[in-house]
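# A closer look at the structure
Take a look at the letters that make up each chain.
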Amino acid sequence: MSGYPFAVGICVVLVVFLVVLMRTRRLREKYAILWIVVGIGVVVFAAFPRAVEWLTHVVGVQTPSNLLFAIALLVLLLVCIQLSTELTELEEETRTLAEEIALLRYDLESARPRQDDADAPGFDRDAGGEAGRESSIGSGPDRGRQSGGSGN
Amino acid sequence: MNDVSGERKRVLVIVPAWNEEQALPGVLDELASRLHGVDVLVVSDGSTDRTADVARSRGVALLNLPFNLGVGGAMRAGYRFARREGYDVTVQVDADGQHSSADVSLLVDALDEQDADVVLGARFAGVGNYETRGPRRWAMSVLSRVLSRIAGTRLTDTTSGFRASNSRAIALFASDYPAEYLGDTIESLVIASRSGLRVRQVGVGMRPRAGGTPSHSPVKAAVFLGRAMLALLIALTRPLAAAPEGVQR
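Residues numbered from 1 in each chain as written. Chains lettered and ligands numbered in written order. Predicted model: local features only at pLDDT ≥ 70, side-chain atom pairs only at ≥ 80, totals over all residues. Heavy atoms only, no water.

## Thoughts on the overall build of chain A
On a plain count of helices and strands, chain A comes out with 6 helices and 0 strands. Reading chain A from its N end, one meets helices and strands in the order α-α-α-α-α-α. Per-residue burial for chain A yields a buried fraction of 23% across its 152 residues. For chain A, contacts bridging at least 24 residues in sequence account for 39% of all contacts bridging at least 6. Accessible area of chain A: about 10700 Å², with a carbon and sulfur share of 67%. (Helix = DSSP H or I, 4+ residues; strand = E, 2+ residues; numbered from the N terminus. Buried < 20%, exposed > 50% of the residue type's maximum accessible area, 1.4 Å probe, protein only. Contact = heavy atoms within 4.5 Å. Areas by Shrake-Rupley, 256 points an atom, 1.4 Å probe, with all protein chains shown as cover.)

## Side note on the interface of chain A and chain B
Taken together, the contact pairs 22 residues of chain A with 26 residues of chain B. Carbon and sulfur atoms make up 53% of the area that chain A and chain B hide from each other, which totals about 2100 Å². Remark: the boundary between chain A and chain B carries 6 salt bridges. In this structure, Asp107(A) and Arg84(B) form a salt bridge, with 2.8 Å as the shortest nitrogen-oxygen distance. Applying the counting rule to chain A against chain B returns 8 residue pairs in polar contact (both at pLDDT 80 or more). (Buried area = accessible area lost by both parts, 1.4 Å probe. Salt bridge = Lys/Arg side-chain N within 4 Å of Asp/Glu carboxyl O. Polar contact = N/O pair within 3.5 Å; in protein donor to acceptor, adjacent residues only side chain to side chain.)

## Some thoughts on the state of the cysteines
All names here are of chain A. Counting across every chain of the model gives 0 disulfides over all chains. There is no disulfide at Cys 11, and the cysteine sulfur nearest it, in Cys 80, is 19 Å away. On the basis of relative accessibility, which here comes to 7%, the residue Cys 11 falls in the buried class. Of the residues examined, Cys 80 reaches a relative accessible area of 47% and is grouped as partly exposed. (Disulfide = S-S within 2.5 Å.)

## Describing the packing of helix α2 (residues 29–47) of chain A against helix α3 (residues 49–59) of chain A
Residues and elements named next belong to chain A. The interhelical angle for the contact between α2 and α3, taken along N-to-C directions, is 100°, at an axis separation of 4 Å. Taken as axis vectors, α2 and α3 run roughly perpendicular relative to one another. The residues of α3 that touch α2, namely those facing Phe 45, Ala 46 and Ala 47, are Pro 49, Ala 51, Val 52 and Leu 55. Taken together, the residues of the contact of α2 with α3 sort by class into 7 nonpolar, no polar and no charged. (Axes fitted to C-alpha atoms, helices over the stretch in contact; angles between N-to-C directions. Parallel < 35°, antiparallel > 145°, perpendicular 65-115°, else oblique. Nonpolar A, V, L, I, M, F, W, Y, C, P; charged D, E, K, R; others polar.)

## Notes on the sheet that holds strand β2 (residues 38–45) of chain B
All names here are of chain B. Strand order in the open sheet made by the 7 strands is β3-β2-β1-β4-β6-β5-β7, with mixed pairing throughout. Unpaired on one side and paired on the other, β3 (61–65) and β7 (199–203) mark the two borders of the sheet. Across the sheet, the mean angle from the axis of one strand to that of its neighbour is 20°, orientation sign disregarded. (Pairing = 2+ DSSP bridges.)

## Quick notes on the pattern of salt bridges
Tallied over the full model, the rule gives 19 salt bridges over all chains. Each of Glu92(A), Arg95(A), Glu99(A), Glu100(A), Arg76(B) and Arg80(B) takes part in a single network of salt bridges with overlapping partners.

## Topic: a nonpolar patch on the surface
Residue and element names in this part refer to chain A. Side chains of Leu 74, Leu 77, Leu 78 and Ile 81 sit close together on the surface and give an oily, nonpolar patch of about 400 Å² of accessible area. Within the secondary structure, Leu 78 sits in helix α4 (residues 64–111). Under the relative-accessibility criterion, Leu 78 is labelled exposed at 52%. (Patch = residues over 30% accessible without salt bridge, like charges linked within 9 Å, V, L, I, M, F, W, Y side chains within 5 Å.)

## What to know about the confidence of the model for chain B
The predicted coordinates ought not to be read in detail in places where the model reports low pLDDT. Residues and elements named next belong to chain B. Of the residues in chain B, 86% have a pLDDT of 70 or more, and the chain-wide mean is 84. Averaged pLDDT values over the elements of chain B bottom out at 50 in helix α9 (residues 245–248) and peak at 95 in strand β4 (residues 89–92). Here residues 1–5 is modelled with pLDDT under 50, and outside its nearest four sequence neighbours on either side it reaches 11 contacts, counting other chains as well. (pLDDT = per-residue confidence, 0-100.)

## Some words on the pairing of β3(B)
Residues and elements named next belong to chain B. Among the 5 residues of β3, 5 are classified as buried, and the element is accordingly described as predominantly covered. Here β3 shows a buried face lined by Ala 61, Leu 63 and Leu 65 and a second buried face lined by Leu 62 and Asn 64. The sheet contact formed by β2 and β3 spans 5 bridges and is parallel. The residue bridging Asp 45 from the neighbouring strand is Leu 65, located in β3.

## Observations regarding helix α6 (residues 167–175) of chain B
What α6(B) keeps buried is the set Ala169(B), Ile170(B), Ala171(B), Leu172(B), Phe173(B) and Ala174(B). Of the residues that open α6(B), the one with a side-chain oxygen 3.1 Å from the backbone nitrogen of Arg168(B) is Asn166(B).

## Looking at the nonpolar core
Residue and element names in this part refer to chain B. Leu 41, Leu 63, Leu 65, Tyr 79, Phe 81, Phe 173 and Val 199 are the most contacted members of the largest nonpolar core, which has 45 residues in total. With 6 residues, helix α3 (residues 70–85) is the single largest residue contributor to this core. Not counting the four nearest positions on each side in its chain, Tyr 79 is found in contact with Ile 14, Thr 90, Arg 163, Ser 165, Ile 170, Phe 173, Ala 174 and Tyr 177. (Core = buried A, V, L, I, M, F, W, Y, C linked by side-chain atoms within 4.5 Å.)

## A few points about unusual backbone geometry
Glycine aside, a negative phi is what most residues show, and trans is what most peptide bonds show. All names here are of chain B. The phi angle at Asn 19 is positive, at roughly 50°, despite the residue not being glycine. Along the polypeptide, Asn 19 turns up in the loop between β1 (11–17) and α1 (24–34). Residue class for Asn 19 comes out partly exposed when judged on its relative accessible area of 31%. Within the chain, Asp 115 stands out as a residue other than glycine whose phi angle is a positive 50°. With respect to the helices, strands and loops of the structure, Asp 115 is situated in the loop between α4 (104–113) and β5 (118–122).

The following block contains the structure:
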């Protein structure tokens, strides 16, 4: 009894599972592509075991299985690094969003002044004339601040 | 706080605060009583206590971050605010009451006097009685020596969070201010120096922190130095982001 059909079967199931995830948009192509390549590679090795033995000779490893273990470790390491860089990028984006939210909150709070923060910075410009005429939320002072900011 | 031409500068004091409802009222009141014609901005860094309410009740500007970003994140938000509102100078003051508001004008004046873009308030520059001992002190002195070379001037307290920035530095920091460990102190100085900004220091006294004592454990000092050196190495070798327009002026 050979284990090769078993390995091929596992890989086919894996690739199908990945495709299903991608179809339902639960997995993005950039993360799936590496696993699909790995799956296809294992199918190739399972179909042609001689290929592994040849490769083992070429790179100078004694046992074919050790070569596979080493490759598997390397692939997992690369995937981890890829995920870490994606995470870093996400954190940076989240940080920028948090800053934008804080700035928008400031705009909102100064556009809806309470008695005690009427003298908050940015609310001194054309607050009187414009705010009375415009019915939308504080577009007067906000526009004044925009032009002040771009001028620097 | 007038510059040489007598023209009045718009100065913004940025106070990054994370759950500082105890110390913040005192800091804000002191700033209000000692400094006139200076705006104050509190950046509440995802505080879960009444920090934001304290800032509102004192009538100062408030940036309320939805979650904690660390000092670097809070300060970049502050610099973005300063750039947007067209401030000429910002001064970072810690919310724990460590920095004396009397020294704020000292830092602002030093920007002009020393023709600097960034001025650090340094603890070990002969003023005041702040002292650390043992391994942490050695670690900080190694760091100071390296950063002094990079900045081309003598810096004795590179981890100081008390600093003034002019409009060129504001423009740079608004786009590039790291949130990494030590990024807000060490790496930001490297970024400034590599972008051609002049970094200088003036000596200031520091009050002891309201809570917590600095650690004297050699292991922690070694870890601190290791992380600081890694941060330095990365900061020195990484490609510079394109300088924002303001820095070219």
